[in-house]
Amino acid sequence: MKGISITGLILLAVSALLFYLTTDFTVNRIEISHVMGVMAGIGIGLIIGGMIGYVSKGSAIKAEQQRKEFKQLQKDKEELEKQAAIIAQREAELEYQNKNPQI
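Sequence order as written defines the numbering, with residues in each chain counted from 1. Whole-chain, interface and lining totals are the exception, using all residues; otherwise, since this is a predicted model, local features are given only for residues with pLDDT of at least 70 and side-chain atom pairs are given and counted only at 80 or more. Only hydrogens and water are removed before side-chain values are computed, so all heavy atoms of the structure are retained for them.

Things to note about the overall build of the protein chain
Argument step 1. Along the backbone of the protein chain there are 2 helices and 0 strands.
Argument step 2. Partly exposed residues are those whose accessible area sits between 20% and 50% of the maximum for their type, while under 20% is buried and over 50% is exposed, using a 1.4 Å probe and protein chains only. Across the 103 residues in the protein chain, those meeting the buried criterion constitute 2%.
Argument step 3. Shrake-Rupley sampling with a 1.4 Å probe provides the accessible areas, and residues are treated as covered by the protein chains on show and by no other component. Accessible surface for the protein chain amounts to roughly 9,600 Å². Of this, 65% is attributable to carbon and sulfur atoms. Counting from the N terminus, the helices are the DSSP runs of H or I reaching at least four residues and the strands are the DSSP runs of E reaching at least two.

Set out below in structure tokens:
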């Protein structure tokens, strides 16, 4: 969203500069060329905004996917640690039973 706002401000500044250079801010009447310029500016803004939105959404989706994978890996690690603890406990019990056999 921040990138789109900055792009919009840059386009606005460029259009004001071009308008100033071509007309010196003296407009007797608005002609069809002015309307065409406004429509072209809106079109360019929408195209650039769409591209920036597409890229930022793609990177946000990738970041979310990485967060989900990281959380899944943490859960898997916790499960493996629990299983390792259970196995270690069973081995300790078996070792204790082997040292002290009951006849």
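We are not done yet, so read on.
So, the layout of surface pockets
Argument step 1. Buriedness of a pocket was judged along seven lines, with at least five required to meet protein on both sides within 12 Å; pockets are open sets of points on a 1 Å grid over the protein atoms alone, cavities are sets where a 1.4 Å probe fits but cannot get out, and lining residues have an atom within 4 Å of a point. Grid points are joined across faces, edges and corners, and a volume is the space filled by probe spheres set on the points. Of the volumes computed, that of the largest pocket is approximately 630 Å³.
Argument step 2. Along its surface, the largest pocket is lined by 19 residues, and Ser15, Phe19, Gly37, Val38 and Gly41 are the ones closest to its centre.
Argument step 3. Listing elements by their share of the lining of the largest pocket, those giving two or more residues are helix H1 (2–23) and helix H2 (32–99).
Argument step 4. For the lining of the largest pocket, the per-class residue count stands at 9 nonpolar, 8 polar and 2 charged. Three classes are used: nonpolar for Ala, Val, Leu, Ile, Met, Phe, Trp, Tyr, Cys and Pro, charged for Asp, Glu, Lys and Arg, and polar for all others, with Gly counted as polar.

Things to note about a nonpolar patch on the surface
Argument step 1. Exposure above 30% relative accessible area and no salt bridge define the residues that can form patches, which grow by joining like charges within 9 Å and nonpolar side chains of Val, Leu, Ile, Met, Phe, Trp and Tyr within 5 Å. Take a side-chain nitrogen of Lys or Arg and a carboxyl oxygen of Asp or Glu: if they are within 4 Å of each other, that pair is a salt bridge. A cluster of nonpolar side chains, contributed by Ile6, Ile10, Val14, Leu17, Leu18, Tyr20 and Leu21, occupies part of the molecular surface with about 690 Å² of accessible area.
Argument step 2. Among the secondary structure elements, Leu21 is positioned in helix H1.

Here we look at a negative patch on the surface
Argument step 1. Residues Asp76, Glu78, Glu79 and Glu81 make up a contiguous surface patch of negative charge.
Argument step 2. Structurally, the position occupied by Glu79 is in helix H2.
Argument step 3. A relative accessible area of 47% places Glu79 in the partly exposed class. Here Asp and Glu are counted as negative and Lys and Arg as positive; His is not counted, and neither are the chain ends. Charge positions are represented by NZ for Lys, CZ for Arg, CG for Asp and CD for Glu.

What to know about the pattern of salt bridges
Argument step 1. Tallied over the entire structure, the rule returns 1 salt bridge.
Argument step 2. Across the pair Glu64 and Arg67 runs a salt bridge whose closest N-O atoms are separated by 2.8 Å. Note that Glu64 and Arg67 are positioned in helix H2 at a spacing of 3 residues, about one turn of the helix.

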